Amino acid sequence: MKSRGCLIAAVVLGVLLLLAIGIIAWGVGVRNSIVTLDEAVTSSWAQVESQYQRRADLIPNLVETVKGFANQEQDVLIGVTEARAKVSQMTVTKEVIDDPKAFAKFQASQDQLSSALSRLLVVSENYPQLKSNENFMNLQTQLEGTENRITVERQRFNQTVQLYNTTIRRFPASMIAGFSGFKEHPYFQAKEGSENAPQVKF
């Protein structure tokens, strides 16, 4: 009778131990999945940054080319140069994608640079010799391609963030995310008025 009771206790203990191991394994698996998604967000962010850097690198040559033909457009040229300098001064770390305020500040500075570039390209319409300059045409083509890449990478970033944010908000993964300190990442938002198609002429 006593040995039967010990056997039942051993079986119950074994079942509880297996259950505990199963729960721990599940928790580790969920946490590892969240870590993988978080790293995917970081990787996607790096692609966005890379395209913004490519655009920033094109700007000095574009400004110099325009300056050669339209030096009287100082306000526009200064605006582009200052917007680029402001973007370049921002220290962009992984914390930017963890902090909605820092992320919004980053996006606002990039939007200002986009607006300044749009003004520069509109000004170029007034200078036929500039529009026919081979160097300027090449820079415009590169800039247009870069803007398209930025749009694609921002879209991919938002898709990656959506998958990550959805995962950490779903129960029961939300408990693991909460215990581990994972927080939602912000999305890139459309600029106000972006529902209207831009009029860009090259």
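The structure we're discussing is the one just above.
Below you will find a few notes about this structure. Here the residue numbering is sequential within each chain, running from 1 through the sequence in written order. Per-residue local features of the predicted model are confined to residues with pLDDT of at least 70, and side-chain atom pairs are confined, for both listing and counting, to 80 or more; whole-chain, interface and lining totals are unaffected and use all residues. Remark: hydrogens and water are excluded; side-chain values derive from all non-hydrogen atoms of the structure.

To qualify as a helix, a DSSP run of H or I must reach at least 4 residues; to qualify as a strand, a run of E must reach at least 2; elements of each kind are numbered from the N terminus. When helices and strands are tallied, the protein shows six helices and zero strands. Start at the N end of the protein and walk to the C end: the helices and strands fall as α-α-α-α-α-α. Here the globule rule is a power law, 2.2 Å times the number of residues to the power 0.38, and the radius of gyration is based on C-alpha atoms. Radius of gyration (C-alpha) of the protein: 27 Å, far over the 17 Å computed for a compact globule of 202 residues. For the C-alpha atoms alone, the extent of the protein along its principal axes is close to 105 × 30 × 25 Å. Categorising residues by exposure relies on relative accessible area from a 1.4 Å probe, with only protein chains included: less than 20% of the type maximum marks a residue as buried, more than 50% marks it as exposed, and the intermediate range marks it as partly exposed. The buried share of the protein, taken over its 202 residues, is 32%. Contacts are assigned to residue pairs with any non-hydrogen atoms lying within 4.5 Å of each other. When contacts within the protein are restricted to residue pairs at least 6 apart in sequence, those whose partners lie at least 24 apart make up 79%. Per-residue and other accessible areas were derived by the Shrake-Rupley procedure at a 1.4 Å probe size, with only the shown protein chains allowed to occlude residues. Surface summary for the protein: the accessible area is close to 12700 Å², and the carbon and sulfur share equals 57%. Here the positive residues are Lys and Arg and the negative ones are Asp and Glu; neither His nor the chain ends is included. Throughout, a charge is located at the NZ atom of Lys, the CZ atom of Arg, the CG atom of Asp or the CD atom of Glu. Charge centroids of the protein, computed over 21 positive and 20 negative side chains, lie 10 Å from each other.

So, about helix H3 (residues 100-124). The span expected for a helix works out to 1.5 Å for each residue beyond the first. Taking 1.5 Å as the rise per residue, H3 with 25 residues should run 36 Å; its terminal C-alpha atoms sit 36 Å apart, in good agreement. Contacts described as polar in this section are N or O atom pairs within 3.5 Å, which, within protein, must combine one atom able to donate a hydrogen with one able to accept it, while residues neighboring in sequence count only if both atoms come from side chains. Near the N-terminus of H3, the side chain that reaches the backbone nitrogen of lysine 101, with its oxygen 3.1 Å away, is that of aspartate 99.

To continue, consider the nonpolar core. Counting residues in hydrophobic clusters, the biggest one holds 22 residues, and the most contacted among them are Leu62, Val66, Val80, Leu117 and Leu120. Every element with two or more residues in this core is listed here: helix H1 (2-69), helix H2 (74-89), H3 and helix H5 (134-169). Leucine 62 has contacts with Leu117, Leu120, Phe136, Leu139 and Leu143, leaving out every residue within four places of it along the chain. Throughout this description, the term nonpolar core refers to a set of buried Ala, Val, Leu, Ile, Met, Phe, Trp, Tyr and Cys residues connected via side-chain atoms within 4.5 Å.

A side-chain nitrogen of Lys or Arg and a carboxyl oxygen of Asp or Glu constitute a salt bridge if their distance falls within 4 Å. Here the structure, examined in full by the defined rule, presents four salt bridges. The partner of glutamate 64 in a salt bridge is lysine 67, and the shortest N-O contact between them spans 3.3 Å. You can see glutamate 64 and its partner lysine 67 sitting in helix H1, three residues apart, about one turn around the helix. Put simply, arginine 169 and glutamate 184 hold a salt bridge, and the shortest N to O gap is 3.7 Å. Here arginine 169, found in helix H5, pairs with glutamate 184, found in the segment after helix H6 (173-180); they are 15 residues apart in sequence, far enough to count as distant. We classify glutamate 184 as partly exposed; its relative accessible area is 42%.

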